[in-house]
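Structure assessment
Residue strings, one per chain:
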Amino acid sequence: MLDEVLEWLQIRPNGTYVDGTLGAGGHSEGIAKRLTTGTLISLDRDALALELAGERLKSFGAKVKLVRSPFSRIAEVAQELGIPKVDGVLADLGVSSMQLDQAARGFSFREAGPLDMRMHAEDELTADEIVNRWQERELADLLYQGADEHDSRRIARAIVRARPIRDTAHLATIVAGARKHWGRQRLHPATKTFLALRIAVNREMEELGQFLSRTPATMNSGARWVMLTYHSGEDRLVKEAFRQHEREGTLRILTRHVLQPTEEEMARNPRSRSAKLRCAERVAA
């Protein structure tokens, strides 16, 4: 949803912007192209993403500042860079194709890879720890609460019985065999299980909660804040945070209903089909 993101951000050529989730650098590149004397700060906690996107963005020179950091530290990063306030913030909560397509990272169920799923290689918790060591009840609760997996108990029981789970392909096979068939399946049977594991390994909901509470304090009056979410848990948190900030008088919600990709984009990029865009504007104190 690059076009929609750029439209709602209303980028000023001399403004200061934060891309809280650099990823492959597509959104950052789109923002940087619209800056003249402005500055873009792009954050990511994945060192590989910073390295690869850095190549893509190097032609913009000092206009783009790359910082290895989770987006929950947005206020600290701005302070460290000597930036008092910013004119726009973006966070795209989807996992980039670059990560999904690398079997060695453990995000994908389409190829055999290690049960890793860490965005930051120095973090301790891995998917292997959860899959092979957590108790059955803990697993079931994680799948249900983290990804709305209604077959959570059947899947957790099957995982525990099949231990040790060797790799991502093995896990996907176990999950597919345990799930009930609910008519025509649009998603791979292991999609929600892998989603719940990735969220837990990277503490994504905790990071998102901190980001949602801290961001308004970093924004100038009139600054735009765009969020792209991909599953109901994320979107619920964003919607509730925006409403809370609006009640407190710090934000004005601009998208009363979520925006979704066009039919053309979904046909071109099937992974975008679950994307939802929300936008709010900072209100003068």
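Residues numbered from 1 in each chain as written. Predicted model: local features only at pLDDT ≥ 70, side-chain atom pairs only at ≥ 80, totals over all residues. Heavy atoms only, no water.

1. A few points about the packing of helix α8 (residues 152-162) against helix α9 (residues 168-178)
Between α8 and α9, the shortest axis-to-axis distance is 9 Å and the interhelical angle comes to 135 degrees. Between α8 and α9, the interaxial angle falls into the category oblique. Like other packed secondary-structure pairs, α8 and α9 cross with a definite hand, here right-handed. Contacts from Arg 154, Ile 155, Ala 158, Ile 159 and Ala 162 of α8 reach α9 at His 170, Leu 171, Ile 174, Val 175 and Ala 178. (Axes fitted to C-alpha atoms, helices over the stretch in contact; angles between N-to-C directions. Helix = DSSP H or I, 4+ residues; strand = E, 2+ residues; numbered from the N terminus. Parallel < 35°, antiparallel > 145°, perpendicular 65-115°, else oblique. Left-handed = near helix turned anticlockwise from the far one by under 90°. Contact = heavy atoms within 4.5 Å.)

2. A few points about the pattern of salt bridges
Following the criterion strictly, the structure yields 16 salt bridges and no others. Taking the shortest distance from any N to any O, the salt bridge between Arg 56 and Glu 29 comes out at 3.0 Å. Here Arg 56 is found in helix α3 (residues 47-57), whereas its partner Glu 29 is found in helix α2 (residues 26-32), with 27 residues between them in sequence. Take Arg 56: its relative accessible area is 38%, and that puts it in the partly exposed class. Note that Glu 281 and Arg 224 form a salt bridge whose closest N and O atoms lie 3.1 Å from each other. With Glu 281 in strand β7 (residues 276-282) and Arg 224 in strand β5 (residues 219-229), this pair connects stretches of sequence that are 57 residues apart. On the basis of relative accessibility, which here comes to 15%, the residue Glu 281 falls in the buried class. Three or more residues are tied together by salt bridges with common partners; here these are Arg 224, Arg 252 and Glu 281. (Salt bridge = Lys/Arg side-chain N within 4 Å of Asp/Glu carboxyl O. Buried < 20%, exposed > 50% of the residue type's maximum accessible area, 1.4 Å probe, protein only.)

3. Here we look at α9
Within α9, burial applies to Thr 168, His 170, Leu 171, Ala 172, Ile 174, Val 175 and Ala 178. Between the side-chain oxygen at the start of α9 and the backbone nitrogen of Ala 169 there is a gap of 3.2 Å, and the oxygen is on Asp 167. (Polar contact = N/O pair within 3.5 Å; in protein donor to acceptor, adjacent residues only side chain to side chain.)

4. So, the pairing of β5
Within β5, 8 of the 11 residues are buried, which leaves it mostly tucked inside the rest of the structure. Where strand β4 (residues 86-92) lies against β5, 6 bridges are found, and the strand directions are parallel. Residue pairing across strands places Gly 88 opposite Arg 224, the latter belonging to β5. Of the strand pairs in this sheet, β5 and β7 are connected by 6 bridges, and their pairing is antiparallel. Note on β7: the bridge partner recorded for Arg 224 is Glu 281. (Pairing = 2+ DSSP bridges.)

5. With respect to the sheet that holds strand β1 (residues 16-19)
Across a sheet, paired strands are connected by hydrogen bonds in the backbone, their directions being either parallel or antiparallel. Judged by pairing direction, the sheet is mixed, and its 7 strands sit side by side in the order β3-β2-β1-β4-β5-β7-β6 without closing on themselves. What marks the edges here is a single partner per strand, and that holds for β3 (64-68) and β6 (251-253). This sheet shows a mean twist of 20 degrees between the axes of neighbouring strands, independent of strand direction.

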